[in-house]
Amino acid sequence: MWALLPVKLLDHTKLRLAGILTRAQRRQLSYCMVEDILDTLDQTSVVSGITVISCDDAVFSLAQDYQADVLNTGVDNGYAADVLKGVEAVSDQDIDKVLIIPADVPELDHSDLIHLDRVHEEGITLCPAEKDGGTNGLVFPPPLAVSLMYGEDSFAEFCRAAERQQVPVNIATAGGLARDIDRPDDLLTLQAQPEGNRTWRYLRSLELADS
C-alpha cells in the first residue's frame, strides 16, 4: 500500500484554530502532526512507500528524513488539486493500492493501517471521520474510479458516487484515522490524554483555554 500525504504550506494551516493558537503555534502543531504521521507510515509493514505532496520547504526536509518521495506542487493549489496531482503521479507505477491520508491525524497507529489494508478488497475503502461526515482515509487501486471529494459530508458523497458508478465500497473504522485535529475542542481532547506522541507533547507544553 502506497501512502499519499498532502500537506499545505505550514503557515496556512489550521486557520480554525486561530482563536486558540498563534500562527507560529499552528505552524509548529502542523509540523508535529506531519512528523508523527510520517513516523507511523515509515514503520508500518503494510506501507511500501510514501509520497508527500506540498510546496513547503520544511515539509520537504522532513519528508527526506523519512526517505519519502516528494512531489513539489510549486504553489498551494488547495487540498483536492494537490491530491489529484499525487494520484496522477502514482497511477502509472506498479502500485496495487494507494492510501490518501490527511495531515491532521496525529493519533494514527500501526494497527489502523493494518486494519485498512485488511479491509480493502476491491473498489474503494473509506475511513469516515468521527465528526462532520468527512473522509479521513481513502484506499483504492489506481487509477481512482470515482471523483475526489473532501470536506463535510464527503463520506456520503463518496458512497453515492460509488453506487452510481457501480464501484464496490468497503468501510473501515480506524480510531487513529477517524480523529482529526481541526477545532479547539479537538486540541483540548488530545491534550487531556494521559500520554501521546510529539503532537501531544507539544500541546502539553502550551496553556490552552477553550475559546
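Residues numbered from 1 in each chain as written. Predicted model: local features only at pLDDT ≥ 70, side-chain atom pairs only at ≥ 80, totals over all residues. Heavy atoms only, no water.

Draft legend 1. Expanded view of the overall build of the chain. A tally of regular secondary structure across the chain gives 8 helices and 7 strands. For 211 residues, the compact-globule estimate of 2.2 N^0.38 gives 17 Å, and the chain sits close to it at 16 Å. Along the first, second and third principal axes, the C-alpha atoms of the chain reach 50 × 30 × 30 Å. Here the chain, with 211 residues, has 52% of them falling under the buried criterion. (Helix = DSSP H or I, 4+ residues; strand = E, 2+ residues; numbered from the N terminus. Rg over C-alpha atoms; globule rule 2.2 N^0.38 Å. Buried < 20%, exposed > 50% of the residue type's maximum accessible area, 1.4 Å probe, protein only.)

Draft legend 2. Spotlight on the pattern of salt bridges. Taken as a whole and judged by the stated rule, the model has 14 salt bridges. Where Arg198 meets Asp36, a salt bridge forms, and the shortest distance between an N and an O atom there is 3.1 Å. In this pair, Arg198 sits in helix α8 (residues 198-204) while Asp36 sits in helix α1 (residues 23-43), placing the two residues 162 residues apart along the sequence. Exposure remark for Arg198: the relative accessible area of 24% places this residue in the partly exposed category. Taking relative accessible area as the criterion, Asp36 reaches 3% and is therefore assigned buried. (Salt bridge = Lys/Arg side-chain N within 4 Å of Asp/Glu carboxyl O.)

Draft legend 3. Spatial organisation of the sheet that holds strand β5 (residues 124-128). Reading across the sheet, the 7 strands line up as β3-β2-β1-β4-β6-β5-β7 and stay open at both edges, with mixed pairing between neighbours. In this open sheet, the two strands that pair with only one neighbour each are β3 (69-72) and β7 (169-171). Taking the axes of each pair of neighbouring strands and ignoring which way they run, one obtains an average angle of 20° across the sheet. Strands β1 (2-6), β2 (49-54), β3, β4 (98-100) and β6 (135-140) of the sheet are contacted by helix α3 (residues 79-91), whose axis makes an angle of about 150° with β1. (Pairing = 2+ DSSP bridges. Axes fitted to C-alpha atoms, helices over the stretch in contact; angles between N-to-C directions. Contact = heavy atoms within 4.5 Å.)

Draft legend 4. Spatial organisation of the packing of α1 against helix α2 (residues 57-65). Here α1 crosses α2 at 25°, and the two axes come no closer than 10 Å. By the angle class used here, α1 and α2 are roughly parallel. When you trace α1 past α2, the crossing you get is right-handed. Contacts between α1 and α2 involve Arg27, Tyr31, Val34, Glu35 and Leu38 from the former and Ala58, Leu62 and Ala63 from the latter. (Parallel < 35°, antiparallel > 145°, perpendicular 65-115°, else oblique. Left-handed = near helix turned anticlockwise from the far one by under 90°.)

Draft legend 5. Structural context of empty space enclosed by the protein. Taken as a whole, this structure holds 1 cavity of 30 Å³ or more when the rule is applied. Its boundaries defined by the atoms lining it, the largest cavity holds a volume of some 40 Å³. Taken together, Lys131, Asp132, Asp180, Asp182, Arg183 and Asp186 form the lining of the largest cavity. Counted by class, the lining of the largest cavity contains no nonpolar, no polar and 6 charged residues. (1 Å grid on protein atoms, 1.4 Å probe; cavity = no way out; pocket = protein on both sides within 12 Å on 5 of 7 lines; lining within 4 Å. Points joined across faces, edges and corners; volume = space filled by probe spheres on them. Nonpolar A, V, L, I, M, F, W, Y, C, P; charged D, E, K, R; others polar.)

Draft legend 6. Region of interest: the packing of aromatic side chains. Counted by the stated rule, this structure contains 2 aromatic pairs. The interplanar angle of 75° and the centroid separation of 4.8 Å between the aromatic rings of Tyr79 and Tyr150 together place this pair among those described as edge-to-face. With Tyr79 in helix α3 and Tyr150 in the loop between β6 and α5 (154-164), the pair connects residues that are 71 residues apart, well separated along the chain. A relative accessible area of 25% means that Tyr150 is categorised as partly exposed. (Phe/Tyr/Trp six-rings, centres within 6.5 Å; stacked < 30°, edge-to-face > 60°.)

Draft legend 7. Focus on unusual backbone geometry. The residue after Pro142, namely Pro143, is reached through a cis peptide bond having omega 0°. Here the phi dihedral of Gln67 falls at roughly 55°; this positive angle occurs in a residue that is not glycine. Looking at the secondary structure, you find Gln67 in the loop between α2 and β3. Positive phi values are uncommon outside glycine, yet Asp153 reaches one of about 65°.

Draft legend 8. Spotlight on the layout of surface pockets. Estimates place the volume of the largest pocket at around 660 Å³. Lys8, Lys14, Tyr79, Asp104 and Asp182 are, among the 25 residues lining the largest pocket, the residues nearest its centre. Contributions of two or more residues to the lining of the largest pocket are made by α1 and β6. Element by element, the count of residues in the lining of the largest pocket is highest for α1, at 3 residues.

Draft legend 9. Highlighting the environment of Ile100. In this fold, Ile100 is placed in strand β4. Residues Ile100 and Leu138, spaced 38 residues apart in sequence, show a C-alpha to C-alpha distance of 5.2 Å. Setting aside anything within four residues of it in sequence, one finds Ile100 in contact with Leu4, Tyr79, Val83, Val87, Asn136, Gly137, Leu138, Phe140, Leu148 and Tyr150.

Keep in mind these values describe shape, not function.
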